Amino acid sequence: QVQLVESGGGLVQPGGSLRLSCVVSTDIFRFYIMGWYRQAPGKQRELVASITRGGSTNYADSVKGRFTISRDNAKNTVYLQMNSLKPEDTAVYYCSGNRGPSTAPYWGQGTQVTVSS
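Residues numbered from 1 in each chain as written. Predicted model: local features only at pLDDT ≥ 70, side-chain atom pairs only at ≥ 80, totals over all residues. Heavy atoms only, no water.

With that settled, consider the overall build of the chain. Scanning the chain from N- to C-terminus turns up zero helices and eleven strands. Ordered by position in the sequence, the α and β elements of the chain form the string β-β-β-β-β-β-β-β-β-β-β. Relative to its length of 117 residues, the chain is compact, with a C-alpha radius of gyration of 13 Å against a globular reference of 13 Å. In terms of overall dimensions, the chain has a C-alpha envelope of 40 × 30 × 25 Å along the principal axes. Looking at the chain as a whole, 41% of its 117 residues are labelled buried. Within the chain, contacts between residues separated by at least 24 positions form 53% of all contacts whose residues are at least 6 apart in sequence. Working note: accessible area of the chain is about 6,200 Å², and carbon and sulfur atoms make up 47% of it. Here the chain holds 12 positive side-chain charges and 7 negative ones, and the gap between their average locations is 4 Å. (Helix = DSSP H or I, 4+ residues; strand = E, 2+ residues; numbered from the N terminus. Rg over C-alpha atoms; globule rule 2.2 N^0.38 Å. Buried < 20%, exposed > 50% of the residue type's maximum accessible area, 1.4 Å probe, protein only. Contact = heavy atoms within 4.5 Å. Areas by Shrake-Rupley, 256 points an atom, 1.4 Å probe, with all protein chains shown as cover. Lys, Arg positive; Asp, Glu negative; His and termini not counted. Charge placed at Lys NZ, Arg CZ, Asp CG, Glu CD.)

Rendered as structure tokens:
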């Protein structure tokens, strides 16, 4: 049973910062890719950022330069540092991990991020 446990969401003013954490119950290197997704009300879930086993990262155009995905292998934790937050960043953020390109991903429970003045 692989579990992903997220934390760090909350309410923040525009321009503020939040750091999301995703603690994985196994060696994160078992996942070939991990990512952060978000889903706003009435919208499709979208990929925000991803990081591969080898450390390659990708970001959605909307968050480039503002968000950073990283990991601490010793803690089996993946982070999403979110800076210069905008109201349109408001969403439920989900951590995911995929053990292979043909396997079903694992998902965290989601954490709410609200950016509002």
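From this point, the discussion proceeds with the structure in view.
Here we come to the pairing of strand 3 (residues 18-24). Along strand 3, five of the seven residues are buried, which leaves the element largely enclosed by surrounding structure. Where strand 1 (residues 4-7) lies against strand 3, four bridges are found, and the strand directions are antiparallel. When the sheet's bridge partners are listed, Val5 is paired in strand 3 with Val23. Examined bridge by bridge, strand 3 and strand 8 (residues 77-82) share six bridges and lie antiparallel to one another. (Pairing = 2+ DSSP bridges.)

Counting 28 residues, the largest nonpolar core has Met34, Trp36, Leu80, Met82 and Tyr93 as the members making the most contacts within it. For this core, the secondary structure elements donating two or more residues are strand 3, strand 4 (33-39), strand 5 (46-52), strand 7 (67-72), strand 8, strand 9 (91-98) and strand 11 (111-115). Looking at which element gives the most residues to this core, the answer is strand 3, with four residues. Contacts of Met34, omitting those with residues within four sequence positions, involve Leu4, Val24, Ile28, Ala49, Ser50, Ile51, Ile69, Val78, Cys95, Ser96 and Gly97. (Core = buried A, V, L, I, M, F, W, Y, C linked by side-chain atoms within 4.5 Å.)

With that out of the way, let us pick up the pairing of strand 9. Of all eight residues in strand 9, seven are buried; the element is thus mostly enclosed. Bridge count for strand 4 against strand 9 is seven bridges, and the pairing is antiparallel. Paired with Gly35 across the strands is Ser96, a residue of strand 9. By the bridge criterion, three bridges tie strand 9 to strand 11 in an arrangement that is antiparallel. Counterpart to Tyr93 in the pairing with strand 11 is Thr111.

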